Amino acid sequence: MKAVKGFKLRTLLGEHIIVADGPSQINFNKIVMLNETAAFIWQKLVDFGECSLKDLTDAILEEYEVDEPTASQSVASTIDQWKQIGLVED
Amino acid sequence: MTNYYKVAGHEFGVSIPDGNPLCGQLSQYEPFRIEKGENCIFEVEVVDKVDDPADKEVVYAGPEDPEQPLVKLYKSGEKWIYEMAVCSGRPLAARMESNAAFTRGRVETLSEKGALFGLNNALMLMFAFRTAGMNTLEMHASVIVNGGKAFLWLAASGTGKSTHSKLWLKHIPGSRLLNDDNPIVRIMDDGCVEVFGSPWSGKTPCYRNEHYPLGAFTRIRRASFNKISRLSNFEAYALLYSSSSGFKTDPAMGDALHATFEQLVMKCPCYVLDCLPDEEAARVSSAELLSIKD
């Protein structure tokens, strides 16, 4: 899977948000707020280009002190939400 | 003929060949005319021909709505090309090319009837793009002044911005219309937020060269009742984001606009008004907005 083109991660008043900056997302009228972990996942998703749930889970395990089931659960639910609103595609 | 104008403190020049019918159609710009442009941030020239390069790439194409002007933005090498029609399905009214920095534009009008429409849109685009990095926003809003402060109504076209302004003019004493479609909001060097009238005001001829401190931004939303509520900072950001001209896809412009939105969100009261098009709506909004303390 990969991040859909046309979105940008920004910081607003110290919080992470994703806004639709690209012309391909002209009809995307939402602003998505992210917690620290979600912002990290998004950044990895963009850095990796094309990647799997496992790649993202491994990245989390390297960065944060969490166990594997928690990390993989967190990645799976975040990616699932993003797919639903059109931020991520297969 | 070259005329100079000053809008929201920014000077620009417009050159039109003598004898071109546009020379006699610029009355909406007259309140903003200055003798000499010493610090012009851009100049636009009406010319006979603007090339339509074969290699142009679409970077933005507006929605094809028969009720709305159609705009298309292209890039050709370093140059930007901008085409506009009064609405989709109609022939092009004008084509403009601009340098990368939006300091020089050349406009060809393609129909006599659409010439002023074309020039207006070309100037609005140059203004919005050129001033994006200058803490300046060209906004899609109707603005009422009351008690020395400017109150902006924001919403998509056709929701009821102008209608709400009319309700204030009729029912709330001391109200004046500053602009009905494209006011300019600027964070001044001293940090104050000022709202300026402009030569662009949609279908309502209201071209006032005046400015007032910002009172509040209010999103208008149709409802079956009247209620006004404060927006969170994030909701306010989303409101300003969707109500401002400028081209967020361009990285430099996107960053500059983001910085301006962030400052405004911290400085300015932002609301949403759920409303009917009736007198009570103006009573409800004015009761809250006119009692905001500095």
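Nothing here was measured: the structure is a model prediction, and the numbers come from that model.

Asker: If you had to explain the overall build of chain B to someone new, which residues and values would you point to?
Answerer: A tally of regular secondary structure across chain B gives 5 helices and 18 strands. For 294 residues, the compact-globule formula gives about 19 Å, and the C-alpha radius of gyration of chain B, at 19 Å, lands near that figure. Along the three orthogonal principal directions, the C-alpha set of chain B runs to about 55 × 40 × 35 Å. Counting every position in chain B, which comprises 294 residues, the buried fraction comes to 53%. Across chain B, every contact between residues at least 6 apart in sequence was considered, and the portion connecting residues at least 24 apart equals 61%. If you average the places of the 31 positive and of the 37 negative side-chain charges in chain B, the two averages end up 5 Å apart.

Asker: Residues and numbers for the packing of aromatic side chains, please.
Answerer: Residue and element names in this part refer to chain B. Taken as a whole and assessed by the stated rule, the structure comprises 17 aromatic pairs over all chains. Here the aromatic rings of Y5 and Y29 are separated by 5.4 Å at their centres, their planes lie at 50°, and the arrangement is tilted. In this pair, Y5 is assigned in strand β1 (residues 2–7) and Y29 in the loop between β2 (10–15) and β3 (33–34), connecting sequence segments 24 residues apart. For the pair Y5 and Y29, a shared accessibility class is recorded, and that class is buried. Taking the centre distance of 6.5 Å and the plane angle of 75° together, the rings of W80 and F129 count as edge-to-face. In this pair, W80 is assigned in strand β7 (residues 79–85) and F129 in helix α1 (residues 115–131), connecting sequence segments 49 residues apart. Following the ring pairs from residue to residue traces out a cluster consisting of Y5, F12, Y29, F42, F127 and W200. Between the NZ or CZ atom of K56 and the centre of the ring of Y74, over which it lies, the distance is 4.2 Å. Its guanidinium or amino end placed over the ring of Y271, R230 lies 5.3 Å from that ring's centre, counting from NZ or CZ.

Asker: Let's hear about the interface of chain B and chain A: which residues, and what values?
Answerer: With 15 residues of chain B at the interface, the matching set in chain A holds 15 residues. Overall, the association of chain B and chain A removes approximately 1,300 Å² of surface from exposure, summing both partners, and the carbon and sulfur fraction of that is 69%. Scanning the region where chain B abuts chain A turns up 1 salt bridge. Taking the shortest distance from any N to any O, the salt bridge between R10 of chain A and D255 of chain B comes out at 2.9 Å. In this assembly, chain B and chain A are joined by 5 residue pairs in polar contact (both at pLDDT 80 or more). Going through the elements one at a time, β5 (57–61), α3 (233–243) and α4 (251–267) of chain B are the ones with two or more residues in the side of chain B that touches chain A.

Asker: Any details on the pairing of strand β9 (residues 104–109) of chain B? Residues and values, ideally.
Answerer: Residue and element names in this part refer to chain B. Sheet analysis places strand β4 (residues 40–46) next to β9, joined by 4 bridges and oriented parallel. Along β9, the bridge assignment pairs E45 with R106. Sheet analysis places strand β8 (residues 92–98) next to β9, joined by 5 bridges and oriented antiparallel. Across the sheet, the residue bridging to R95 is E108, located in β9. Between the antiparallel neighbours β8 and β9 lie 5 residues, among them F102 with a positive phi of about 60°.

Asker: How would you explain the pattern of salt bridges if you had to name every residue and give the values?
Answerer: Residue and element names in this part refer to chain B. In the structure shown here, the tally under the stated rule is 14 salt bridges over all chains. Here D52 and K56 are joined by a salt bridge, their closest N and O atoms 2.7 Å apart. A residue is classified by how much of its surface remains accessible, and K56, at 21% relative accessible area, is partly exposed. A single salt-bridge network, built from bridges that share partners, covers D52, K56, E83 and R95.

Asker: How would you summarise the sheet that holds strand β3 (residues 15–20) of chain A if you had to cite specific residues and measurements?
Answerer: Residue and element names in this part refer to chain A. If you trace the 3 strands from one edge of the open sheet to the other, you get β2-β3-β4, paired in antiparallel fashion. Where the open sheet ends on each side, the last strands, each with one partner, are β2 (7–12) and β4 (32–34). Along the sheet, successive strands turn relative to each other by an average axial angle of 30°, direction set aside. Taken together, the 6 bridges between β2 and β3 define a ladder with antiparallel strand orientation. Looking at the pairing, L12 lines up with E15 of β3.

Asker: Just give me the short version of the sheet that holds β2 of chain B, but keep the residues and values in it.
Answerer: Residue and element names in this part refer to chain B. Taken in spatial order, the 9 strands make up an open sheet running β3-β1-β2-β4-β9-β8-β7-β6-β5, and their pairing is mixed. At either margin of the open sheet sits one strand with a lone partner, and together these are β3 and β5. Direction of pairing for β2 relative to β4: parallel, over a ladder of 5 bridges. The partner of F12 across the bridge, within β4, is F42.

Asker: Describe the domain arrangement of chain B, with residues and values.
Answerer: Accessible area lost during the coming together of the parts is what is often quoted as the interface size. Residues and elements named next belong to chain B. For chain B, the assigned domains read domain 1 (2–134) and domain 2 (136–289). Roughly 2,000 Å² is buried in total at the junction of domain 1 and domain 2, and carbon and sulfur atoms are behind 68% of that figure. Put simply, domain 1 and domain 2 have 0 salt bridges between them. Listing elements by their share of the side of domain 1 that touches domain 2, those giving two or more residues are β2, β5 and α1. If one sorts the elements of the side of domain 1 that touches domain 2 by residue count, α1 sits on top with 7 residues.

Asker: Can you explain the nonpolar core? Please cite residues and give values.
Answerer: Formed by 77 residues in total, the largest nonpolar core has its most connected members in L152 and F217 of chain B. With 12 residues, the single largest contributor to this core is α1 of chain B. Two domains each put at least three residues into this core: domain 1 (2–134) and domain 2 (136–289) of chain B. Once you skip the residues sitting within four places of it in the chain, L152 of chain B turns out to touch M139, A141, S142, V143, P183, V185, V195, L214, A216, F217 and T218 of chain B. I41, W42, L45 and V88 of chain A belong to the second-largest nonpolar core, a separate cluster that totals 24 residues.

How each quantity is defined
- Residues numbered from 1 in each chain as written.
- Chains lettered and ligands numbered in written order.
- Predicted model: local features only at pLDDT ≥ 70, side-chain atom pairs only at ≥ 80, totals over all residues.
- Heavy atoms only, no water.
- Helix = DSSP H or I, 4+ residues; strand = E, 2+ residues; numbered from the N terminus.
- Rg over C-alpha atoms; globule rule 2.2 N^0.38 Å.
- Buried < 20%, exposed > 50% of the residue type's maximum accessible area, 1.4 Å probe, protein only.
- Contact = heavy atoms within 4.5 Å.
- Lys, Arg positive; Asp, Glu negative; His and termini not counted.
- Charge placed at Lys NZ, Arg CZ, Asp CG, Glu CD.
- Phe/Tyr/Trp six-rings, centres within 6.5 Å; stacked < 30°, edge-to-face > 60°.
- Lys NZ or Arg CZ within 6 Å of the ring centre and 35° of its normal.
- Buried area = accessible area lost by both parts, 1.4 Å probe.
- Salt bridge = Lys/Arg side-chain N within 4 Å of Asp/Glu carboxyl O.
- Polar contact = N/O pair within 3.5 Å; in protein donor to acceptor, adjacent residues only side chain to side chain.
- Pairing = 2+ DSSP bridges.
- Axes fitted to C-alpha atoms, helices over the stretch in contact; angles between N-to-C directions.
- Domains from an automatic or database assignment.
- Core = buried A, V, L, I, M, F, W, Y, C linked by side-chain atoms within 4.5 Å.

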